[in-house]
Amino acid sequence: SPLIEVKHLKKYFNVPAGTNHAVDDVSFTIHKGETLGVVGESGCGKSTLGRTIIRLLEATDGQVLLEGKDITHVQGEALKKVREQVQIIFQDPYSSLNPRLDISRTIKEPLKRSGRFRSRAELMKETAELMDLVGIDERLREAYPHELDGGRRQRVGIARALALRPKFIVCDEPVSALDVSIQAQVLNLLMDLQDEMGMAYMFVTHDLSVVRHISDNICVMYLGQLVEKCSTQELFSNN
Ligand code: ADP
Ligand code: ADP
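A quick note: this is a predicted structure, and the numbers were derived from the prediction, not measured.

What counts, and at which threshold
Residues numbered from 1 in each chain as written. Chains lettered and ligands numbered in written order. Predicted model: local features only at pLDDT ≥ 70, side-chain atom pairs only at ≥ 80, totals over all residues. Heavy atoms only, no water. Helix = DSSP H or I, 4+ residues; strand = E, 2+ residues; numbered from the N terminus. Buried < 20%, exposed > 50% of the residue type's maximum accessible area, 1.4 Å probe, protein only. Contact = heavy atoms within 4.5 Å. Near = heavy atom within 4 Å. Polar contact = N/O pair within 3.5 Å; in protein donor to acceptor, adjacent residues only side chain to side chain. Areas by Shrake-Rupley, 256 points an atom, 1.4 Å probe, with all protein chains shown as cover. 1 Å grid on protein atoms, 1.4 Å probe; cavity = no way out; pocket = protein on both sides within 12 Å on 5 of 7 lines; lining within 4 Å. Sits in = over half its atoms within 2 Å of the grid points. Core = buried A, V, L, I, M, F, W, Y, C linked by side-chain atoms within 4.5 Å. Salt bridge = Lys/Arg side-chain N within 4 Å of Asp/Glu carboxyl O. Pairing = 2+ DSSP bridges. Axes fitted to C-alpha atoms, helices over the stretch in contact; angles between N-to-C directions.

A.B. asks: An account of the environment of Leu 130 is needed here, citing residue identities and associated values.
C.D. replies: Inspection of the secondary structure assignment puts Leu 130 in helix α5 (residues 120-133). Assessed through its relative accessible area of 1%, Leu 130 is described here as buried. C-alpha of Leu 130 to C-alpha of Leu 79: the two residues are 51 residues apart in sequence and 25 Å apart in space. Once residues within four sequence positions are removed from consideration, Leu 130 is found in contact with Ile 107, Leu 111, Ala 159, Leu 162 and Ala 163.

So, in structure tokens, the structure goes:
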């Protein structure tokens, strides 16, 4: 069965002018290890869709299933459990990284909360391994987010997202704020990590060329709706 099933999902916002139908009856599935690209112009609802699926937002209507289990409105302990299994990587990790935590602590905090580690030594070992995995030099462990360049900052964001070994990660424009020369490095890192760890991605971007190489399938959004879904190969074939 699919890892993620999205069924007739709606997320509306009440705004002064009325109701914003940010996500309006969207359905699709994502399988283990798959990368689904979600493309569309700014404001079409990509971010809201990603955030609603992983329960940073709560749906107005419709359903989200994670491994067959309905997570659309779960609360409390059940929601906590969902948050260990799904993660998000933002466009600008600087806005989401705590400026007062050094890199080592940024990665250590979620590990600590997981309660999986019996000793400080184990926790430090896992932190070091995660830094290694995403290519952050150990010498930077005591640096603060503002001391890193954009590419390294995004690597820290990725390491934090990976800390709890999630099954699914929403990548929300993860390379759009980076120099073009760095974009390919971060995309390659994301692909290598997927090969190694097997999680699924929903890759949100306004830039079709970015998802071309990384996605198995692509959804095109327009005004809150999915207007096209096909394999990446189909989309880029010339017939
Ligand atoms: P995209 O990621 O494709 O740029 P968003 O999901 O950010 O699109 O936004 C979709 C629509 O929802 C936009 O019209 C946006 O203004 C609106 N929107 C997003 N978040 C909120 C919010 N918290 N309150 C009100 N409207 C919102
Ligand atoms: P803030 O309330 O500080 O603005 P954000 O919404 O920017 O918080 O999230 C901060 C970080 O916490 C994110 O980068 C993300 O990795 C993590 N996070 C928060 N909630 C969730 C969630 N439901 N699922 C996955 N990660 C989450």
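A.B. asks: Residues and numbers for the site of ligand 1, please.
C.D. replies: If you check the shell around ligand 1, you find Phe 13, Val 15, Asn 20, Ala 22, Glu 41, Ser 42, Gly 43, Cys 44, Gly 45, Lys 46, Ser 47 and Thr 48 and nothing else. Asn 20 is positioned with one of its side-chain polar atoms (N or O) 3.0 Å from an oxygen atom of ligand 1. About the coverage of ligand 1: the protein hides 60% of its 560 Å² of free accessible area. In a pocket analysis with a 2 Å cut-off to the grid points, ligand 1 is assigned to the second largest pocket. Those elements that provide at least two residues to the shell around ligand 1 are β1 (4-15), β2 (18-30) and α1 (46-53).

A.B. asks: Describe the nonpolar core, and please don't skip the residues or the numbers.
C.D. replies: One finds Ile 103, Val 134, Ile 158, Leu 162, Leu 190, Leu 193 and Phe 203 to be the most contacted residues of the largest nonpolar core, which totals 35 residues. Where this core is concerned, the elements lending two or more residues are α4 (103-114), α5, α6 (150-162), β7 (168-172), α7 (180-197), β8 (200-205) and α8 (208-212). Those residues within four positions of Ile 158 in sequence are excluded, and the remaining contacts are Ile 89, Val 134, Val 186, Leu 189, Leu 190 and Leu 193. One finds Leu 3, Val 23, Phe 28 and Val 86 within the second-largest nonpolar core, a separate group that totals 30 residues.

A.B. asks: I'd like a description of the pattern of salt bridges, backed by residues and values.
C.D. replies: A complete count under the given rule lists eleven salt bridges for this structure. Arg 118 is the salt-bridge partner of Glu 122, the closest N and O atoms lying 3.2 Å from each other. The exposure class assigned to Glu 122 is partly exposed, which follows from its relative accessible area of 29%. Here Glu 138 makes a salt bridge to Arg 141, at a shortest N to O gap of 2.5 Å.

A.B. asks: How would you sum up the sheet that holds strand β5 (residues 69-70)? Please name residues and give values.
C.D. replies: With antiparallel pairing, the four strands of this open sheet are ordered in space as β2-β1-β4-β5. Bordering the open sheet on either side are β2 and β5, each of which pairs with just one other strand. Taken strand by strand, α1 contacts β1, β2 and β4 (61-66), and its axis lies near 120 degrees from that of β1.

A.B. asks: So, the pairing of β1: which residues are in play, and what are the values?
C.D. replies: Across a regular strand the side chains alternate sides, sitting on one face of the sheet and then on the other. As paired elements, β1 and β2 share nine bridges and run antiparallel to each other. Paired with Phe 13 across the bridge in β2 is Asn 20. Count of turn residues in the β1/β2 antiparallel hairpin: two residues. As judged from the five bridges shared by β1 and β4, these two strands associate in the antiparallel manner. Bridge pairing links Ile 4 to Leu 66 in β4.

A.B. asks: Describe the side chain of Thr 127, naming the residues involved and giving the relevant values.
C.D. replies: Note that Thr 127 resides in helix α5. Here Thr 127 is in contact with Ser 104, Ile 107, Lys 108 and Leu 111, once residues within four sequence places are set aside.

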